[in-house]
Amino acid sequence: MSGRSVLKRIDWLTVFIYMALVLIGWVNIYSSTFTEAEPSIFNFSTLHGKQLFFIGASLVSVVIILAMETSFYERFSSVFYIVSMILLLGLFVFGKTIAGATSWYDLGFFNLQPSELAKVVTALALAKYLSDIQTDIKRGKDQLYAFLIILIPVILIIPQPDPGSALVFFALVFVIFREGLPLYYLGIGFLVVLVFVTTLMFGTVWVSIATVLLILLFFLLRKKKSKIPILPLISIAIACLLFSLSVNFVFNNVFEQRHRDRFSLWLRLEKDPNKLEQIRKTIGYNSYQSEKAIESGGFFGKGFLEGTRTKGDFVPEQHTDYIFSTVGEEWGFVGTTTVVIFFTLLFLRLVFLAERQKSDFSRMYGYGVISILLIHYFINVGMVIGVLPTIGIPLPFFSYGGSGLLFFTALLFIFLKLDTNRLKEEF
Amino acid sequence: MRKILLSSIIVIIGITFIGRLSYLQIFSFSPDQVLEDPAIKRIYDYPERGYIYDRNGKLLVGNDPAYDVMVIPREVKPLDTLEFCNLLGIDKEKFKKELRKARIYSPRLPSVLVPQLSKEDYARLQEKMRRYQGFYIQKRSLRYYDTPSAASILGYISEVNERDLAANPYYIQGELTGRTGVEKQYEDILRGRKGVQYIQKDRFNRDIGPYKDGILDTLPEQGKEIHITLDKELQEYGELLMHGKRGGVVAIEPASGEILSLISGPTYNPALLVGRERSKNYNKLYNDSLAKPLFNRSILAESSPGSPFKTLNALVALHEGVISPSTTVTCYNGFFVGGRKRGCHCGGGTRNMNSGIYKSCNAYFASTFRKIYDKFNTTDEGMDVWEKHIKSFGLGGYLGYDLPTGRPGRIPGKKFYDKWYGDNRWASSTIISNSIGQGEVAATPIQLANMTATIANRGHYYTPHVLKKIEGKDITDPKYTEPKLTTIDRKHFEPIIQGMADVYKKGTARWVQIPDIEIAGKTGTVENFTVIDSVKTQLTDHSVFVAFAPVDNPKIAISVYIENGYYGSRYAGHIASLMIEKYLKGGITRKDLEKRMLEKTLEHEYAKPFSGEEFKINEYVW
C-alpha cells in the first residue's frame, strides 16, 4: 500500500480534531509556564519549548506508525505486551523516582514512562485475544483470561505507586463488554459505586432503608406472572446491605486520611466551615484553586497570558494535570466548552470508526482506544472542575509530558492506520 | 444496546461537564474579580490630607510625619539584638516582648515594633535599617494642630468604622476619615483621592510585577488646602476668656455670614485626639458628663434666648404697625397678666421703645407682644404672623451652616400650643413669656449670633458658614453667598438699633463701653431651673449678651451665652465687649477687665447643685 493511499484513506476529521487539541494544549502550556524573561517559543530549556519538541517527535512517530504494515500491530501485539510487562517489572530495579513514584526509565534526553506504553499494548493484546477465533467471551475461563490481560499491568503499576494510571486499565472492561460480557458485570460495578457513594453521603441506615423499600416496592408493583426471579434479587439486596455496612469500616480503617479528605471534599461531606477551610488549604488546595481559577475566567475568560491565577502559579501542576484550569481562566466558558465539544466529537467519531470496522481486531482495538482516552478525559476534567475526587492522571493531547503525548498519539494513530485498511481483508 | 452505551456515556459526560462549567463560569462568576483575586494585591498610595488655614492665612491644621518601626517576624534573621536595641532606644526585654507579641499576632504580617519615632531618630535609623532583615520603617501622617483652640470646629479624624465602610465604598478597613467638624464636613476636599497599584502575586505571596502592566493603576490625588472663616487670634482669645465657664460664644461677620469664632466652654486641645493617647483622652473627655467638653454648646445648646429676643418682638410689632417707636407703656415694676403680676427690673415708669430696649423693660415688651396678637381676629392668625416673622431670622429651624451637627432651636407655633394646652385653650396672655425670650422659645448661640447679624444688616443675613476658600479660591456656593431677607421692612430696624446702641450708652450695659467703638447690644438674664432630688430648683441666671459693632458699618456680630453667669452684662457683656475690642482693634486697652475675665471662673456655681446642701443663687460676688 502506497503512502499516497494512506493519506487518502485516513480519517481526516479525527486527524483535524487531534491537531486542534494538541495545538490548544500547547498554547495553554505556553501560558501556564510563561515568564516574561523567556518569551521565546523555541527555547528548549523551557517547558513549552520541550513540549514543542515532543509534538514534533509525535508527528514523526505518526509517520512511522502509518508507514508500517497494518498486520504488524496485530501480529506482534503479544510480543509487545510481554516486552511491556517486562519493562514494568524492570522499574522495580532500574526505575527512576520522580515525585515519590518510581515510574520512569531515565533515557538521558527524556524519561520513558512504561505505564504509558502499557496502555497501548494492553489495548492491542486485549483486542488480539478477544478477536481470536477460539475465544468465546461467554465462557467463564475466557472472561478470566481477558480480565487477566487487564489486571497484570494494574498489579505491576499499583506498587510504583501510581494508582491513577492503574485505574485507567479498568476502562478496558468496556471492550470486553462490547464483545458480549454479560450485563450484570456492569450492573454490579454500578451498584458498588452507587452504594459506596450513597453510604458515605447518607449513612448506612438510610441506604438500608432505601434498599428494603425498593425491594418492597418491586414486589408490590410486580405482575403476577413476572419472570424476574426473586431469590437473586433478594441476595443482591442483602449483598448491598452488607457492602453498605462494610463501607464505613473500609472508609475509616483501610483508607488513609488523605483519601478520606479527598472523598469528604468531593462529596461535600465536611460541613464544619473551619475544617473545610483546613481541607481546602491542604489536601483540597489543588481542587479549590483550580475551581476558583476556572470560575474567575467567567464567560469570555481573561485572555491569553492574562490569567492572574495562572501567572501567580496558584494552581499547582497547572501545566500537567491541571492544564484545563488554564483554559478555564484565560479562555473562559467559551474555551472550556470548545475543548469539551472537541473531545466529545473525537470520541463519537472514534465510536463511529470502530463500529464500521470489518475486522474484529480493529473494532476491539478501537474500543480500547476510546476507553482509555475517555477515562483519562473523564477523570482529569472531572477532577479539575470539581465533580470527581483528585486522581492524578493527565489530559490526553493536552497535558505537558513527553511520553504521555507520544503514546497517546501512537494509541490513536495505530487505530487510524487500522482504519485505513478496513476494506481489505488481508488475513 | 451495547453499541450505543458508549456513545451515550460520552454525550452524558460532555453534558455534565458543560453543566458544571456553566455553573462555575456563568452562575458563580462575579465581575468584582479584581477585588477578590488573591493573585492581585493592591497597594495604596495615600495623599497628604489638606491643610486648614484661618481667614488670614494662618495655619490651623497641618500634617506631621510619624515613623513607626515595623517588623515581619517570619523574615527576621538572627541579629545583634543589643546593637539594634541601642539604635531604637529601647531595652532588650521590651524588644523581645514586642517581637513575641508581633509573632503571636501574625508571623507573616507587619506589626508595629516601636511606634512614632522622632524625626531625629528616624534620620539616624534610616540608613542602618537595611542591615536588619524583617524590619522596616513605615511613614505615616498625623494631624498636627498649630493652635490649642477650635477643637470643636476643626473636628478630628479617626479610623473608619463598619458604618462608614457600608456607606461609602471608597474606604477600606484601617483608613481615616473626618469624624466631626470641618474634618467631617469637608472630608472629600481635605482627603484627596488615594492612588492604587495592582500587583500580580504568586501563591507564596511574592510580587511578580504589575498587573496588566499597570494600566489600571491610578495616581493619588492630593488633598486640597482650605481656608476657614475663623479668626485664629479671636478664637484663641475667646477660648481663654471662656476658661472655667460653660456656654457658647459665636462671632459672625454680618456682611458675609462668615463665622469668625465659634467657642464652646469648656473645650479641649485638639492635639489630645491625635496619636497614641487618642483613645485614652477621648474616653476622659467623653466620660466628663457634667462639663461635657465634647458637647459643642455654641451650636447644640438650645436654651431660652432671654431679653435679646425682645428686639425681634419689637420689630414684628413695628412691621405690623401695632406700635410706633414713640408708643409708651407704663411699667409698675412689673406688669399684670391674668391677674398675676410679673416682675420687671427696669426701675419702673413710662417707657417708650428706646428706653424699653435699653432698660430691658419686661412690661413694655409684654404689652407689645399682646398688641401683635390683638391686631388679628384670632390668636391662631396672630400666631402664624408672629411665627413667620420670627422664623425669617433663622430661628426655630436648622440654619444650614456647614458643620455636621446642629440643633433647630424652637419657635413654637399654634400646633405646638394646641398640643400643649389644647385647641383654643391658649391666648397671647398664656404665652406671654415669649415676649421676653423666656417661655417656650429656644435658640442656640449661633442662632442668636445670626439674629444679631441680621439686625446689624438691617434686615438680611447670609447663612453662617466656616468655609472661606478651597485652594485659594473663594467659595461660590449661592447657599452662602446670597442674602436671605427677613419679612420685616428695613425701615423698622433703625429705631431698634438706636435702642441697642443706647444699651451701651445709658442702659443695662453702660459699664462695658469700649472707647472709640460704637456698639449696639442687648443684655439678657435668663432664669433657669434644674431638678435636684425630684425638686424643681432654680439656679443662678444665665448671662446672655448679643452685640454688633461698629453700629454704622458692622464688622462683627456676636452672641455670648454664659451658663449661670447671672445678669447679662456681668459675664456675657464683658466677654462680648472684650471680643469686639480684640477683633476690631487687635488689642485690649482695658487690662483690668481682661484680667478679671480671664481669671474668674464659674466652677463654684456649677458645683452648687451637686453640693448636696442648700445654696443661694444670683449672689453678688466678684
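Data block above holds the structure.
Note that the structure is predicted; figures quoted are calculated from it, not measured.

## Points about the overall build of chain A
- Within chain A one finds 19 helices and 3 strands.
- Expressed as a percentage of contacts within chain A between residues at least 6 apart in sequence, the contacts between residues at least 24 apart total 70%.
- Total accessible area on chain A is roughly 19900 Å²; 70% of this is exposed by carbon and sulfur atoms.

## Let's talk about the overall build of chain B
- Looking only at helices and strands, one finds 23 helices and 23 strands in chain B.
- Considering chain B as a whole, with its 622 residues, one finds that 53% of them fall into the buried category.
- Across chain B, every contact between residues at least 6 apart in sequence was considered, and the portion connecting residues at least 24 apart equals 71%.
- Surface accessibility of chain B: about 28700 Å² in total, with carbon and sulfur atoms responsible for 50%.

## Describing the sheet that holds strand 1 (residues 96-98) of chain A
Residue and element names in this part refer to chain A.
- One open sheet holds the 3 strands; their spatial order is 1-2-3, and the pairing between them is antiparallel. A strand with exactly one partner marks an edge of an open sheet, and here the two such strands are strand 1 and strand 3 (111-112).
- As paired elements, strand 2 (residues 101-106) and strand 3 share 2 bridges and run antiparallel to each other. Bridge pairing in strand 3 places Tyr105 opposite Leu112.

## Considerations on unusual backbone geometry
- With an omega of -5 degrees, the peptide bond between Gln160 of chain A and Pro161 of chain A qualifies as cis.
- Omega for the bond connecting Ala549 of chain B with Pro550 of chain B falls within 30 degrees of zero, at -15 degrees, which places this linkage in the cis form.
- A positive phi is found at Asn333 of chain B, a non-glycine position, where the angle reads about 55 degrees.
- Structurally, the position occupied by Asn333 of chain B is in the loop between strand 13 (329-331) and strand 14 (334-337).
- Exposure remark for Asn333 of chain B: the relative accessible area of 40% places this residue in the partly exposed category.
- Positive phi is not limited to glycine here, since Asp533 of chain B has a value of about 50 degrees.
- With respect to the helices and strands, Asp533 of chain B occurs in the loop between strand 21 (520-532) and strand 22 (535-549).
- Exposure remark for Asp533 of chain B: the relative accessible area of 69% places this residue in the exposed category.

## A few points about the pattern of salt bridges
- Within this structure, the stated rule accounts for 38 salt bridges over all chains.
- Taking the shortest distance from any N to any O, the salt bridge between Lys96 of chain A and Asp106 of chain A comes out at 3.9 Å. Placement of Lys96 of chain A in strand 1 and of Asp106 of chain A in strand 2 is noted, with a sequence separation of 10 residues between them.
- Notably, a salt bridge pairs Arg20 of chain B with Glu291 of chain A, separated by 3.0 Å at the nearest N-O pair.

## Overview of the packing of helix 13 (residues 308-319) of chain B against helix 15 (residues 362-374) of chain B
Residue and element names in this part refer to chain B.
- Following both chains from N to C, one finds helix 13 and helix 15 inclined at 40 degrees, their axes separated by 9 Å at the closest point. For the element pair helix 13 / helix 15, the angle class is oblique. Note on packing geometry: the crossing formed by helix 13 with helix 15 is left-handed. Across the interface between the two elements, Lys310, Asn313, Ala314, Val316 and Ala317 from helix 13 touch Asn362, Phe365, Thr368, Phe369 and Ile372 from helix 15.
- Each residue belonging to the contact of helix 13 with helix 15 can be placed in one class, and the counts come to 6 nonpolar, 3 polar and 1 charged.

## Quick look at the side chain of Thr211 of chain A
- Secondary-structure assignment places Thr211 of chain A in helix 11 (residues 204-221).
- Setting aside anything within four residues of it in sequence, one finds Thr211 of chain A in contact with Ala237, Cys240 and Leu241 of chain A.

## Section: the nonpolar core
- In this structure, Ile52, Val182, Leu312, Trp386, Ile455, Ile558 and Met579 of chain B are the most contacted members of the largest nonpolar core, which totals 120 residues.
- Residue contacts for Leu312 of chain B: discarding those within four places in its chain leaves Ile390, Phe393, Leu395, Met451 and Ile455 of chain B.
- The next biggest cluster of nonpolar side chains, apart from the first, holds 111 residues, and it includes Tyr81 and Leu412 of chain A together with Leu5 and Leu24 of chain B.

## Some details on the sheet that holds strand 9 (residues 207-210) of chain B
Residues and elements named next belong to chain B.
- Taken in spatial order, the 3 strands of this open sheet run 1-8-9, and their pairing is antiparallel. Here the strands that pair on one side only, and so sit at the sheet edges, are strand 1 (40-45) and strand 9. Strand-to-strand twist across the sheet, computed as the mean angle between neighbouring axes with direction ignored, equals 40 degrees.
- In the sheet, strand 8 (residues 195-201) pairs with strand 9 via 2 bridges, with the strands oriented antiparallel.

## Quick notes on the interface of chain B and chain A
- Contact with chain B, which involves 33 residues of that partner, is made by 48 residues of chain A.
- Here chain B and chain A share an interface that buries about 3500 Å² over both sides, 71% of which is from carbon and sulfur atoms.
- Considering only the surface of chain B that becomes buried against chain A, Arg2, Phe17 and Gln25 of chain B emerge as the three largest contributors, covering 21% of it.
- Seen at the junction of chain B and chain A, the total is 1 salt bridge.
- At the surface where chain B touches chain A, the tally comes to 6 residue pairs in polar contact (both at pLDDT 80 or more).
- Contributions of two or more residues to the side of chain B that touches chain A are made by helix 1 (2-27) and strand 8 of chain B.
- Sorting elements by how many residues they give to the side of chain B that touches chain A places helix 1 of chain B first, with 18 residues.
- The residue makeup of the side of chain B that touches chain A, split by class, is 18 nonpolar, 7 polar and 8 charged.

## Focus on a nonpolar patch on the surface
All names here are of chain A.
- A contiguous nonpolar patch, built from Leu144, Tyr145, Leu148, Leu151, Ile152, Ile155, Leu167 and Phe170 and spanning about 690 Å² of accessible area, is present on the exposed surface.
- For the nonpolar patch, the element with the most residues is helix 7 (residues 140-157), which contributes 6 residues.
- Among the structural elements, Leu144 can be located in helix 7.
- Residue classification places Leu144 among the exposed residues on the basis of a relative accessible area of 53%.

## A word on the state of the cysteines
Residue and element names in this part refer to chain B.
- Per the counting criterion, the structure on display carries 0 disulfides over all chains.
- No disulfide involves Cys331; its sulfur sits 3.6 Å from that of Cys346, the nearest cysteine.
- The exposure class of Cys331 is buried, given its relative accessible area of 4%.
- The thiol of Cys346 is unpaired, and the distance to the nearest cysteine sulfur, on Cys344, comes to 3.4 Å.

## Things to note about the packing of aromatic side chains
- Scanning the model with the defined rule gives 42 aromatic pairs over all chains in all.
- On the basis of an interplanar angle of 75 degrees and a centroid distance of 6.2 Å, the ring pair of Tyr129 of chain A and Tyr145 of chain A is categorised as edge-to-face. Of the two residues, Tyr129 of chain A sits in helix 6 (residues 114-131) while Tyr145 of chain A sits in helix 7, which places them 16 residues apart along the sequence.
- Here the aromatic rings of Phe369 of chain B and Tyr373 of chain B are separated by 5.0 Å at their centres, their planes lie at 50 degrees, and the arrangement is tilted. With a gap of 4 residues between them, Phe369 of chain B and Tyr373 of chain B both fall in helix 15, about one helical turn apart.
- Looking at Tyr373 of chain B, the relative accessible area reads 4%, which means it is buried.
- Through successive ring pairs, a cluster of aromatic residues spans Phe343, Phe347, Tyr377, Phe378 and Phe398 of chain A together with Phe17 of chain B.
- Over the face of the ring belonging to Tyr170 of chain B we find Lys194 of chain B, whose NZ or CZ atom lies 4.2 Å from the ring centre.

Analysis parameters
- Residues numbered from 1 in each chain as written.
- Chains lettered and ligands numbered in written order.
- Predicted model: local features only at pLDDT ≥ 70, side-chain atom pairs only at ≥ 80, totals over all residues.
- Heavy atoms only, no water.
- Helix = DSSP H or I, 4+ residues; strand = E, 2+ residues; numbered from the N terminus.
- Contact = heavy atoms within 4.5 Å.
- Areas by Shrake-Rupley, 256 points an atom, 1.4 Å probe, with all protein chains shown as cover.
- Buried < 20%, exposed > 50% of the residue type's maximum accessible area, 1.4 Å probe, protein only.
- Pairing = 2+ DSSP bridges.
- Salt bridge = Lys/Arg side-chain N within 4 Å of Asp/Glu carboxyl O.
- Axes fitted to C-alpha atoms, helices over the stretch in contact; angles between N-to-C directions.
- Parallel < 35°, antiparallel > 145°, perpendicular 65-115°, else oblique.
- Left-handed = near helix turned anticlockwise from the far one by under 90°.
- Nonpolar A, V, L, I, M, F, W, Y, C, P; charged D, E, K, R; others polar.
- Core = buried A, V, L, I, M, F, W, Y, C linked by side-chain atoms within 4.5 Å.
- Buried area = accessible area lost by both parts, 1.4 Å probe.
- Polar contact = N/O pair within 3.5 Å; in protein donor to acceptor, adjacent residues only side chain to side chain.
- Patch = residues over 30% accessible without salt bridge, like charges linked within 9 Å, V, L, I, M, F, W, Y side chains within 5 Å.
- Disulfide = S-S within 2.5 Å.
- Phe/Tyr/Trp six-rings, centres within 6.5 Å; stacked < 30°, edge-to-face > 60°.
- Lys NZ or Arg CZ within 6 Å of the ring centre and 35° of its normal.

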